[in-house]
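# Coordinates in review
So you can see what is in the structure, the chains are spelled out below.
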Amino acid sequence: MAPHSIIGKPLPMTDGPDKVTGLAKYTDDLAVAGMLCGRILHSVHPHARIRSIDTSKAEALPGVKAVATGKDAPNPYGILPIGHDERVFALDKARYIGDNVAAVAATSAEIAEQALELIEVNYEPLPAWFDPLESMKATSNWIHEERPNNIEKEYHHEFGNAEQAFAESAFVSEERYITGEVTHAAMEPHSTLAIWEPDGRLTVYSSTQVPYYLHRTISEVCEMPMSQIRVIKPLVGGGFGGKSEVIPLEVAAPVLAKKAHRPVKITYTREEVFYAHRGRPYTIVDIKVGLTREGRINAVAARVVQDGGAYCGYGPVTVLYSGALLGAIYDIPNVRYDGYRVLTNKPACGAMRGHGTVNVRFAFESLLDQLAHDAGLDPVDVRRRNLLKAPCITVNGLRVTSYGLPECIEKAVERSGWAEKRGKLPYGRGLGMACSHYVSGAANPIIRSNMPHTTVNIKVDRDAAVTLFTGASEIGQGSDTIQAQIVAEVMGVKMERIKLVAADTGLTPVDLGSYSSRVTFMAGNACLEAAKNLRAQLFAAVARKFACDPAGLDARDDFIFSTEDQRLRMSFDDAAVAAIDFHGALVATGTYAPPEESRGGKHKGAGVGPSPSYSYSAQVVELSVDTETGQVRVHRIVAAHDCGKALNPLTVEGQIEGSVYMGLGQALQEEMVWKEGRLMNPSLLEYRIPSTLETPEIESIIVESHDPEGPFGAKEAGEGSLAATIPAVANAIYDAVGVRINSLPITPEKILAALREKETQRGAKGVRSNGGPR
Amino acid sequence: MNKELIRLKVNGEVGEIAVPPQKLLLDVLREDLGLTGSKRGCDDSSCGCCAVLMDGVPMLSCVAIASCYQGAEIVTVEGLAPPGTLDPVQEGFVVAGGAQCGFCTPGFLIATRALLDRNPNPTLEEIRVALSSNLCRCTGYMQIYESVKYALERAHAWEVARPAPAGK
């Protein structure tokens, strides 16, 4: 087969020119005539019954066009069918500081803000729960009456027999790891513009990763048929999971627009973005791993408690991912998992890049490193001895179709100089390694059904433009570009010929959204199917003109030609016209649904974790620790990622580097700090995402395992690398100064305290205090 | 509040606008002039998404009172290059992956343009420091450095094509 002309090339993103000229439109950049400004009133109490709300003064303020409270939209919603526990405005109780109580639409922002101050809410404060372990013990004042002991969900899984395996292990270790709560901090604050059309329809522009779920939710909350609502996703300024479920403003704006019969735009302040949250929960991981004398991992057992905040959100999915992907990266015969999702009076947590896998991976890979040292083994060797052999099915029923982890490990080891440097670096400088994996989309949809996860349509008209109608949501990761590349490659046309109409429920077929790294795999496969169909239609028409066999035709660079006879060659423009004349119209549909075999086992909770394929990562971090200040300076991160096939190496590398960067932030400096339900750092000055100064050199290495079911062999690239970075940093800190910090973020204070403790212990034993673990 | 008539020179064009005296430059650009390229990403001048060139110096338009900058040469991302063309810096961010979601990109372009105008041959460390007031959540900054390097190469290619200025 001839090499690809478009697939595998580092092409710039198709929307790049718009983004660098300032012409690109994000939701808050949109304005329409008569547009009102919406503002939301947030609860000042972490847990309070709402006795009454008096909006009369706000309504009387000149310029106020609508005021809405819980009574205006009482229908509950939530991203999971089992978790419809949210309302756009609190009806009976406010459950966290920042919970949504009422909203105003006015002719200016100033008037809207003034009106908020005129709304009188009569609260009856209730005892509140902030610590998940305390909250689990609650016998009264539950956050949701239907959730006893404030436990949203718990799952208990056992595959094999972990206890017996521990008894038979030569090395067993058990530790507690605690990870601070982190948030997405996408640069674009959430924004929604809802337009009430004169004919009673609703058009909603929103910064969302999931237009389809938003479409459904607006229909439920506003009690309007979906056919009367059109949801459009303009450019989105980053999501990372923070826009992967319906955020209150996305329903508040439609409710206000419906009430005012006017367009209403709400854009969150950065502080509101922090309180909208849906990030990665504070998590307590008690984990135990057993190793045989030969370095085989015999068993892993983990008890995980996640502080989910006040609403369900994606919670049960998060806690299930933690269990499903806990052991499945390696060949581990015995796995036990106890997961608890606990409610507290704080903003709801949700899906964040690496959803559910990150905190348990930190625990597992840190403990594995510790065990390797106990067993006198190279941490890399331990991982080499526990690899899966694809194709296979893991002990918990996950079907692995391709497995590039061995190559990831070898590449990361080679490029980092692991063998040459390890054990030879001076005290204070260290190397650490860790691995991670992630799904290429969920094999089971959030709402169980047999519908395709993605459908795309392609049409070619007499102008010979190729228009792809896709519901998939570009959020900056480059998925529009990837889909265009797939269509262009298969149809043999230049990229410039492809036009994308995307993520507009009025025009494009359903795609479930940009979450769980599903778009390249699923929308990509749908594009592949539709483009192959069109190619066949084109070839049939061209073959008829040339009186040749269509099997002997090929297409490339806007030409369709015979591979056997050079004289038979037709421009795409002519071929398109010929095909339309021949077929009547040149259109095709492609769909994708994960195969039945990929959908996992039958146990309770088995639906989360299965994916049509998995990505793999291995990373090596080199860093220095200043033993006087506890400051960590990361010098270099080598990150190898198995993405199946890099359809676009430029965007794949961008995804790997972005994931590593976000992992680094969680490892060393990011944490949401709470005090009695109030966020102490709700700004980008105080919640410190890494700037250029804190971000080291990241070397990304693409590994291609050619998945048999991915489009051109591709699988996910956007999330899987994140989880390896954190334990690789922790393990490198141990290598540098001989202390293990089991809580995130690993701050200078924690390192200094651990170093002091180590000194004290050594002093007590009469051992010289300088010198690392070696 | 009563509005006052102010005169601003933005992207080479002078215009008169009636605005409340305390109105921020970012809001004037976005709401009154329709220049929505400059973004608001924070509440506390921490993200850099709203940066514009003020007489060649990068400045946060979210903390600038518009009426104070009458007479200054203001350049936004929309004015970095003549319409229909791309500045080498803009081209670099397209070609080398510096723009993923694109929301921080206008601020980074402004900071980069300002850097290259005062230091045509920056080291990686100088680039790193010059861009440290801008936050990007997508890229991990590697492809932003690649984008700046691409711009440098393009700019130098132009230099070579042109006669060297006197004194160099």
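Residues numbered from 1 in each chain as written. Chains lettered and ligands numbered in written order. Predicted model: local features only at pLDDT ≥ 70, side-chain atom pairs only at ≥ 80, totals over all residues.

Next up on the list: the overall build of chain B. When you go through chain B residue by residue, the secondary structure sums to 5 helices and 5 strands. Each helix (α) and strand (β) of chain B, taken in turn from the N terminus, gives the series β-β-α-β-β-β-α-α-α-α. For 168 residues, the compact-globule formula gives about 15 Å, and the C-alpha radius of gyration of chain B, at 17 Å, lands near that figure. Dimensions along the principal axes, computed over C-alpha positions, put chain B at roughly 55 × 40 × 25 Å. Taking the intrachain contacts of chain B between residues at least 6 apart in sequence as the baseline, contacts between residues at least 24 apart amount to 60%. (Helix = DSSP H or I, 4+ residues; strand = E, 2+ residues; numbered from the N terminus. Rg over C-alpha atoms; globule rule 2.2 N^0.38 Å. Contact = placed C-beta atoms within 7 Å.)

Turning our attention to the sheet that holds strand β5 (residues 73–75) of chain B. All names here are of chain B. With mixed pairing, the 5 strands of this open sheet are ordered in space as β2-β1-β5-β3-β4. On the outer flanks of this sheet lie β2 (13–19) and β4 (57–60), each paired with one strand and no other. Strand-to-strand twist of the sheet, defined as the mean angle between neighbouring strand axes without regard to direction, takes the value 40 degrees. Here 7 bridges tie strand β1 (residues 4–10) to β2, and the two strands are oriented antiparallel to one another. The residue bridging Val10 from the neighbouring strand is Glu13, located in β2. (Pairing = 2+ DSSP bridges. Axes fitted to C-alpha atoms, helices over the stretch in contact; angles between N-to-C directions.)

Our focus in this paragraph is helix α18 (residues 722–737) of chain A. What sets the pattern is the α-helix's 3.6 residues per turn: residues three or four places apart point alike. All names here are of chain A. End to end, α18 covers 24 Å across 16 residues, agreeing with the expected 22 Å (1.5 Å per residue, within 8%). Most of α18 is tucked away: 16 of the 16 residues are buried. Once α18 finishes, Gly738 follows within two positions and takes phi at roughly 75 degrees, a positive value. (Expected span 1.5 Å × (residues − 1). Buried ≥ 20, exposed ≤ 12 C-beta atoms within 10 Å, placed from the backbone.)

Residue and element names in this part refer to chain A. Counting residues in each nonpolar core, the largest one holds 309 residues, and the members touching the most others are Leu256, Val300, Val487, Val729 and Ile733. Counting residues per element, this core draws most heavily on helix α15 (residues 519–546), which supplies 14 residues. Here Val300 is in contact with Ile287, Val289, Leu326, Gly327, Ile332, Val335 and Phe364, once residues within four sequence places are set aside. (Core = buried A, V, L, I, M, F, W, Y, C linked by C-beta atoms within 7 Å.)

Think of interface size as the accessible area that goes away when the parts come together; that is how it is often given. Between chain B and chain A, the residue contacts involve 39 residues of the former and 41 residues of the latter. Residue assignment for the side of chain B that touches chain A shows that the elements contributing at least two residues are α2 (88–95), α3 (105–118) and α5 (142–161) of chain B. A total of 4 residues in the side of chain B that touches chain A trace back to one element, the largest contributor, which is α2(B). For the side of chain B that touches chain A, the class distribution of residues is 20 nonpolar, 14 polar and 5 charged. (Nonpolar A, V, L, I, M, F, W, Y, C, P; charged D, E, K, R; others polar.)

Our focus in this paragraph is the pairing of strand β30 (residues 697–703) of chain A. All names here are of chain A. The element β30 is largely enclosed, with a buried count of 6 among its 7 residues. Examined bridge by bridge, strand β27 (residues 632–642) and β30 share 7 bridges and lie parallel to one another. By the bridge assignment for β30, Ala639 is matched with Ser700.

Moving on, we come to the sheet that holds strand β15 (residues 334–343) of chain A. Residues and elements named next belong to chain A. Taken together, the 6 strands give an open sheet; going across it, the order is β7-β15-β14-β13-β8-β31, and neighbouring strands pair in mixed fashion. Only two strands of the sheet have a single partner each, and these edge strands are β7 (151–159) and β31 (743–744). Where strand β14 (residues 297–309) lies against β15, 10 bridges are found, and the strand directions are parallel. Each residue of the ladder has a partner; that of Arg303, found in β15, is Asp338. On top of the sheet, helix α10 (residues 358–375) reaches β8 (171–179), β13 (283–291), β14 and β31; it is set at about 145 degrees to β8, its chief contact.

Residue and element names in this part refer to chain A. Put simply, α15 and helix α16 (residues 572–583) touch, their axes get as near as 8 Å, and they point 95 degrees apart. With respect to α16, the element α15 is oriented roughly perpendicular. Contacts between α15 and α16 involve Gln537, Leu538, Ala540, Ala541, Val542, Arg544 and Lys545 from the first element and Ala575, Ala578, Ala579, Phe582 and His583 from the second. Looking at the contact of α15 with α16 residue by residue, the class counts come to 8 nonpolar, 2 polar and 2 charged. (Parallel < 35°, antiparallel > 145°, perpendicular 65-115°, else oblique.)

In this model, helix α17 (residues 649–668) of chain A (20 residues) spans 28 Å end to end at C-alpha, consistent with the 28 Å of a helix rising 1.5 Å per residue. Counting buried positions along α17(A) gives 19 out of 20 residues, so the element sits mostly inside the fold.

Glancing now at the environment of Asp378(A). With respect to the helices and strands, Asp378(A) occurs in the loop between α10 and α11 (379–384). As for Asp378(A) and Arg422(A), which are separated by 44 residues in sequence, their C-alpha atoms are 9.3 Å apart.

Residue and element names in this part refer to chain A. Inspection of the secondary structure puts Val487 in helix α14 (residues 479–491). The class of Val487 is buried, set by 29 C-beta atoms lying within 10 Å. A C-alpha to C-alpha distance of 32 Å links Val487 and Thr217, two positions 270 residues apart in sequence. Once residues within four sequence positions are removed from consideration, Val487 is found in contact with Ile458, Val466, Leu468, Ile498, Cys527 and Ala531.

Turning to unusual backbone geometry, a few remarks are in order. Excluding glycine, residues mostly carry a negative phi; peptide bonds, for their part, are mostly trans. All names here are of chain A. Omega for the bond connecting Ala390 with Pro391 falls within 30 degrees of zero, at -5 degrees, which places this linkage in the cis form. Considering the arrangement of structural elements, one finds Pro391 in the loop between α11 and β16 (392–393). Here the residue pair Leu744 and Pro745 is connected by a cis peptide bond, since its omega of -5 degrees sits within 30 degrees of zero. Looking at the secondary structure, you find Pro745 in the loop between β31 and α19 (748–765).

The subject of this paragraph is the confidence of the model for chain B. All names here are of chain B. Counting all residues, the mean pLDDT for chain B is 93, and 93% of those residues have values of 70 or more. Counting contacts from residues 164–168, a segment whose pLDDT is below 50, to residues more than four positions away or on other chains yields 0 contacts. As scored by the predictor, the complex reaches a pTM of 0.97 and an ipTM of 0.96. (pLDDT = per-residue confidence, 0-100.)

All names here are of chain A. Between α14 and α15, the least distance of the axes is 8 Å, while the angle of their chain directions is 25 degrees. If you check the angle between α14 and α15, you find them roughly parallel. The way α14 lies across α15 gives a crossing that is right-handed. Contact residues: Ser479, Ile482, Gln483, Ile486, Val487, Val490 and Met491 in α14; Val519, Thr520, Ala523, Gly524, Cys527, Leu528, Ala531, Lys532, Leu534 and Arg535 in α15. In the contact of α14 with α15, the residues fall into 11 nonpolar, 4 polar and 2 charged. (Left-handed = near helix turned anticlockwise from the far one by under 90°.)

Glancing now at the environment of His215(A). Residues and elements named next belong to chain A. Mapped onto the elements, His215 comes out in helix α6 (residues 211–222). Sequence separation of His215 and Ala526 is 311 residues, and the distance between their C-alpha atoms is 22 Å. With sequence-adjacent residues up to four places away left out, His215 is seen in contact with Met226, Ile229, Val231 and Thr505.

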